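Structural features, examined
Each chain, letter by letter, is given below.
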Amino acid sequence: TSLSLFVVDRISLWHEQTTRYASELRELKQQMVSQLETLDKEKEALRMNLDGVGTRVDRVERELDYLETQNGAQPCVDVDDKLIEQQVTLVKEKQKAKYSKLSDCSDMISSIKAMKILKRVGGPKGVWSKDTGRGSGKVYIFNGTDDDTIHEFSSVQDFARSLGLSLAKTVKLPSAWKGTGHVVYNNHAYYINQVDEITVVKYDMKNHSVTDSAVFPVQDHVPVYSLTPETVMDLAVDEEGLWAIYSTRQNDRHISLAKMDANSLDIEQMWDTNCPRENAEAAFIICGTLYVVYNTKQPGRSHVQCVFDVNDMVTNEEAPQVYFPKRYGAHSSLKYNPQEQLLYAWDDGYQILYKLIMKKKLEI
């Protein structure tokens, strides 16, 4: 009997210890699972923080690259002379090369079909335009000739029904734009910054950061249009891509033209045109043809008086005379949208759309 009781006690004790050990083991397992979950969360948070740091470092590096172009150390005179000599050589080479078309576009203007005055907002001079790339309906307003803020609307309709700029999203740039020569192309704003030199800045409208910037390799700029003296360079987009319209003191009676790579901002080719700066108010490009608009002595009467085609398919004698309807003052900017074949015009604070009638260049 005593032996039986002893055995029962030992079995009972073993059972209690086994139960306690199993319970402690479960608690330990739960603690380890909880700690592992916590470590996973901390690991994910750390990974996200590292990604964020990487993104910020990339952004800071891009901003530093941009600031270096704005505030670089002043080189010695010998280096400056060498740089000028290199720029002159580059310009001569770009002017000699034969232009290779990027598209099969051969349209030119026949006449103005219609004019629509959308509204009046902002100052007497500025730029308004839809994103000229495919797939975007957003509208952008550059009010004035010297500012660092762009007003963005989701559509032309939102801009039209907005009380002033109340429905706009404001985008503050890292540097001020000058003149009325800016464009928005494939979700990037290309604007002119002028301190000591003319710099083309490419700004990503989605990521809100400077993608690239380039000093334009030409010395002694002068205003490209005599009637819009604030604009020292006018950027334009057509079916072929990005262009720069400018003028220099060496050829100050006429307007010059350059084809740019929209991705790298490199200069692909340059031309000196026979289009005078005198009485010019604005210009635009369609299918590689530059159209310069002049204001006649009668206020509000403008017309295309000079045409320059980079492929020599159109001359001034062959091009039709294109007259704009009577308006309020002078165009401070004309931006062509190749997706819609519309001109976005800013005229004394009025935002205007021109519908164009086109014809083939070979039909002249």
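To keep things clear, this report deals only with the structure shown in the data block. (Residues numbered from 1 in each chain as written. Predicted model: local features only at pLDDT ≥ 70, side-chain atom pairs only at ≥ 80, totals over all residues. Heavy atoms only, no water.)

Topic: the overall build of the protein chain
Stated precisely, the cut-off is as follows: Going along the chain from the N terminus, every DSSP run of H or I of four or more residues is numbered as a helix, and every run of E of two or more is numbered as a strand. With a 1.4 Å probe rolled over the protein chains alone, any residue whose accessible area is under 20% of its type maximum counts as buried; one over 50% counts as exposed, and the rest are partly exposed. Whether two residues touch is decided by their heavy atoms; if any such pair falls within 4.5 Å, the residues are in contact. Only the protein chains shown count as cover for residues, and all accessible areas are computed by the Shrake-Rupley method using a 1.4 Å probe.
Secondary structure assignment for the protein chain yields three helices and 20 strands. Across the 364 residues in the protein chain, those meeting the buried criterion constitute 45%. Partitioning the intrachain contacts of the protein chain with sequence separation of at least 6 by distance along the chain shows that 56% fall at a separation of at least 24. Split by element, the accessible area of the protein chain, about 19,200 Å² in all, is 52% carbon and sulfur.

Overview of the packing of aromatic side chains
To keep things clear, this is the line we draw: Side-chain rings of Phe, Tyr and Trp (the six-membered ring for Trp) are treated as a pair once their centres are within 6.5 Å; stacked means planes under 30 degrees apart, edge-to-face means over 60, and tilted covers the remaining angles. The rule is short: NZ of Lys or CZ of Arg within 6 Å of the ring centre and within 35 degrees of the ring normal puts a charge over the ring.
As enumerated under the stated definition, the model contains nine aromatic pairs in all. An aromatic cluster of three or more residues is present, and its members are Trp128, Phe153, Phe159 and Tyr344. The lysine or arginine in question, Lys119, covers the ring of Phe159, its NZ or CZ lying 4.8 Å from the ring centre.

Section: the nonpolar core
The line we're drawing: As used in this record, nonpolar core signifies buried Ala, Val, Leu, Ile, Met, Phe, Trp, Tyr and Cys residues forming a set joined through side-chain atoms within 4.5 Å.
Membership of the largest hydrophobic core comes to 25 residues, with the highest contact counts inside it found for Phe284, Ile286, Phe324, Tyr354 and Leu356. Contributions of two or more residues to this core are made by strand E1 (107–120), strand E14 (280–286), strand E15 (289–295), strand E16 (302–309), strand E18 (331–337), strand E19 (342–347) and strand E20 (350–360). Here this core gets five residues from one element, more than from any other, and that element is E20. What Leu356 contacts, discounting residues up to four positions off in sequence, is Ile109, Ser111, Ile112, Lys113, Ile286, Tyr336, Gln341 and Leu343. With 22 residues, the next largest nonpolar core counts Val183, Val232, Leu242 and Ile267 among its residues.

Notes on the pairing of strand E11 (residues 241–246)
What counts, and what does not: For two strands to be treated as a pair, DSSP must find at least two bridges joining them.
Of all six residues making up E11, six are buried, and the element is well covered by its neighbours. Across six bridges, strand E10 (residues 233–238) lies against E11 in antiparallel orientation. By the bridge assignment, Val237 is partnered in E11 with Leu242. The hairpin formed by E10 and E11 contains two residues between the paired strands. Summarising the sheet, E11 and strand E12 (residues 254–260) pair through five bridges and their orientation is antiparallel. By the bridge assignment, Tyr246 is partnered in E12 with Ser256.

A word on a nonpolar patch on the surface
Let me state the cut-off plainly: Patch membership requires more than 30% relative accessible area and the absence of a salt bridge. Residues of like charge join within 9 Å; the nonpolar side chains Val, Leu, Ile, Met, Phe, Trp and Tyr join within 5 Å. By convention in these notes, a salt bridge is any Lys or Arg side-chain nitrogen within 4 Å of a carboxyl oxygen on Asp or Glu.
The grouping of Leu25, Leu28 and Met32 at the surface amounts to a nonpolar patch, some 310 Å² of accessible area in total. Taking the relative accessible area as the measure of exposure, Met32 reaches 48% and is therefore partly exposed.

Remarks on the state of the cysteines
The condition is simple: Any cysteine sulfur atom paired with another within 2.5 Å is treated as part of a disulfide.
Within the structure shown, the criterion is met by two disulfides. Each sulfur in the disulfide pair Cys105 and Cys287 lies 1.5 Å from the other. Placement of the pair is Cys105 in the loop between helix H2 (77–96) and E1 and Cys287 in the loop between E14 and E15, with a sequence separation of 182 residues. In this structure, Cys105 and Cys287 share a single accessibility class: buried. With a sulfur-sulfur separation of 2.1 Å, Cys275 is cross-linked through a disulfide to Cys306. An S-S torsion of about -85° defines the bridge between Cys275 and Cys306 as left-handed.

Considerations on the pairing of E10
Taken across its six residues, E10 has six buried, putting it largely inside the fold. Here E10 shows a buried face lined by Met233, Leu235 and Val237 and a second buried face lined by Asp234, Ala236 and Asp238.

A few points about the side chain of Lys361
Under the convention used in this document: Counting of polar contacts relies on pairs of N or O atoms within 3.5 Å, with two restrictions inside protein: one atom must be capable of donating a hydrogen and the other of accepting it, and residues adjacent in sequence are counted only when both atoms are side-chain atoms.
In this structure, Lys361 sits in the segment after E20. At a separation of 2.9 Å, a polar atom in the side chain of Lys361 contacts the side chain of Thr289. Residues in contact with Lys361, not counting those within four places in the same chain, are Ser106, Asp107, Met108, Ile286, Cys287, Thr289, Asp309, Met313 and Val314.

Remarks on the pattern of salt bridges
Enumeration over the complete set of coordinates arrives at 12 salt bridges. Lys335 is the partner of Asp234 in a salt bridge, and the nearest nitrogen-oxygen pair spans 2.7 Å. In this pair, Asp234 sits in strand E10 while Lys335 sits in strand E18, placing the two residues 101 residues apart along the sequence. Looking at Asp234, the relative accessible area reads 2%, which means it is buried. Residue Lys335 is classed as buried on the basis of its relative accessible area of 3%.

Quick word on the sheet that holds strand E9 (residues 209–215)
Consider a sheet: its strands pair through backbone hydrogen bonds, and that pairing is either parallel or antiparallel. So the rule is basically this: The angle between two axes is taken between their N-to-C directions and runs from 0 to 180 degrees, where each axis is a line fitted to C-alpha atoms and a helix contributes only its stretch in contact.
One open sheet accounts for four strands, arranged E6-E7-E8-E9; its pairing is antiparallel. Two strands lie at the open edges of the sheet, namely strand E6 (183–185) and E9, each paired on one side alone. Here the average twist between neighbouring strands, direction ignored, is 25°.

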